[in-house]
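As a plain string of letters, each chain reads:
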Amino acid sequence: MKLDKIDKKLLGLLQKDSKQTTKQLSLHLGLSVTAVYERVKKLEREKVITEYVALLNKNKIDKSFLVFCHIKLEKHTKEYIVVFEREINKLEEVTECFHVSGDYDYILKIYVKDMDEYREFMVNKLTALKHIGSTHSTFTIGEVKNSNVIAL
């Protein structure tokens, strides 16, 4: 699907606030409500828009301790990769997992309440997984930028 200028503007508006009504979007875009509705449905059908979510205030839900954990597998074989990826998807503390190049094989984004909860997670869940050779954790001090908006 080739995105035109209006599609890109529509996606930008939805990324900033997906709860806007079709009428509100139509006013921003200068299109009819029906035209906006059809564009949104097409973007959903084509999997340009994959889901709508609520972003939470981590402080209000006691999950403000953010850790980036680098993982190195014992061996970088297909079997170890498949097992690790299947198991990491079961850990609710891990919100994102990336297979990366460089000194480590994976980077995990982990939200927990505090250092004590992270220690429990490491000891009882993460290091209990098969084939992990080593880990390296980086603890965030403060948030400088946090955005889910992708520039179009």
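Our subject is the structure that appears above.
Keep in mind the model is a prediction, meaning the values are calculated, not measured.

A.B. asks: Would you mind going over the pattern of salt bridges with me for this structure?
C.D. replies: According to the stated counting rule, one finds eight salt bridges in the structure shown. Its salt-bridge partner being Glu87, residue Arg86 comes within 3.5 Å of it at the nearest N-O pair. Under the relative-accessibility criterion, Arg86 is labelled partly exposed at 45%. Taking the relative accessible area as the measure of exposure, Glu87 reaches 22% and is therefore partly exposed. Overlapping salt bridges bring together Asp4, Asp7 and Arg39 as one network.

A.B. asks: In this structure, what is going on with the sheet that holds strand β1 (residues 65-73)? I would like to understand it.
C.D. replies: Each strand in a sheet pairs with its neighbour through backbone hydrogen bonds, running either in the same direction (parallel) or in the opposite one (antiparallel). The four strands lie next to each other as β2-β3-β1-β4, forming an open sheet whose pairing is antiparallel. Two strands in the sheet have a free side with no partner beyond their single neighbour: β2 (94-99) and β4 (132-139). Strand-to-strand twist in this sheet, taken as the mean axis angle between neighbours without regard to direction, amounts to 20 degrees. Alignment of β1 against strand β3 (residues 106-112), held across seven bridges, turns out to be antiparallel. Residue pairing in the sheet places His70 in a bridge with Ile107 of β3.

A.B. asks: Please clarify how the packing of aromatic side chains should be interpreted in this entry.
C.D. replies: Aromatic rings considered in pairs are described by the distance between their centres and by the relative angle of their planes. Summed over the entire model, instances satisfying the criterion amount to four aromatic pairs. Ring geometry for Phe84 against Tyr106: centres 4.5 Å apart, planes inclined by 40 degrees, an arrangement best described as tilted. Of the two residues, Phe84 is situated in helix α4 (residues 78-88) and Tyr106 in strand β3; the sequence distance between them amounts to 22 residues. Side by side, Phe84 and Tyr106 carry an identical accessibility label, which is buried.

A.B. asks: Explain the layout of surface pockets to me, please; I cannot follow it from the model alone.
C.D. replies: The volume enclosed by the largest pocket comes to roughly 1200 Å³. Residue contributions to the lining of the largest pocket peak at four residues, all from helix α1 (residues 5-16). Across the lining of the largest pocket, the residue classes tally to 14 nonpolar, seven polar and seven charged. Estimated volume of the second largest pocket: approximately 180 Å³. Classifying every residue of the lining of the second largest pocket gives four nonpolar, three polar and three charged.

Conventions used here
In every chain, residue numbers begin from 1 and rise along the written sequence. At least 70 in pLDDT is required for a residue's local features to be given in this predicted model, at least 80 for side-chain atom pairs to be given and counted, and no such filter applies to totals for whole chains, interfaces and linings, which use all residues. Only hydrogens and water are set aside; all other atoms, that is, all heavy atoms of the structure, feed into the side-chain values. For this document, the term salt bridge refers to a Lys or Arg side-chain nitrogen within 4 Å of an Asp or Glu carboxyl oxygen. Any residue under 20% of the maximum accessible area for its type is buried, any over 50% is exposed, and the rest in between are partly exposed; the area is computed with a 1.4 Å probe on protein chains only. Two strands are said to pair when DSSP picks up at least two bridges between them. Secondary structure elements follow DSSP: runs of H or I no shorter than four residues count as helices, runs of E no shorter than two count as strands, and numbering proceeds from the N terminus. To obtain an axis, a line is fitted to C-alpha atoms, over the contacting stretch when the element is a helix, and the angle between two such axes runs from 0 to 180 degrees between their N-to-C directions. Aromatic rings from Phe, Tyr and Trp, with only the six-membered ring used for Trp, were paired whenever their centres fell within 6.5 Å, and each pair was classed as stacked if the ring planes differed by under 30 degrees, edge-to-face if by over 60, and tilted otherwise. In this analysis, the protein atoms alone were mapped onto a 1 Å grid. Cavities are point sets where a 1.4 Å probe fits without being able to get out; pockets are open sets with protein on both sides within 12 Å along at least five of seven lines; lining residues have an atom within 4 Å of a point. Grid points are joined across faces, edges and corners, and a volume is the space filled by probe spheres set on the points. Charged means Asp, Glu, Lys or Arg here, nonpolar means Ala, Val, Leu, Ile, Met, Phe, Trp, Tyr, Cys or Pro, and polar covers whatever is left, Gly included.

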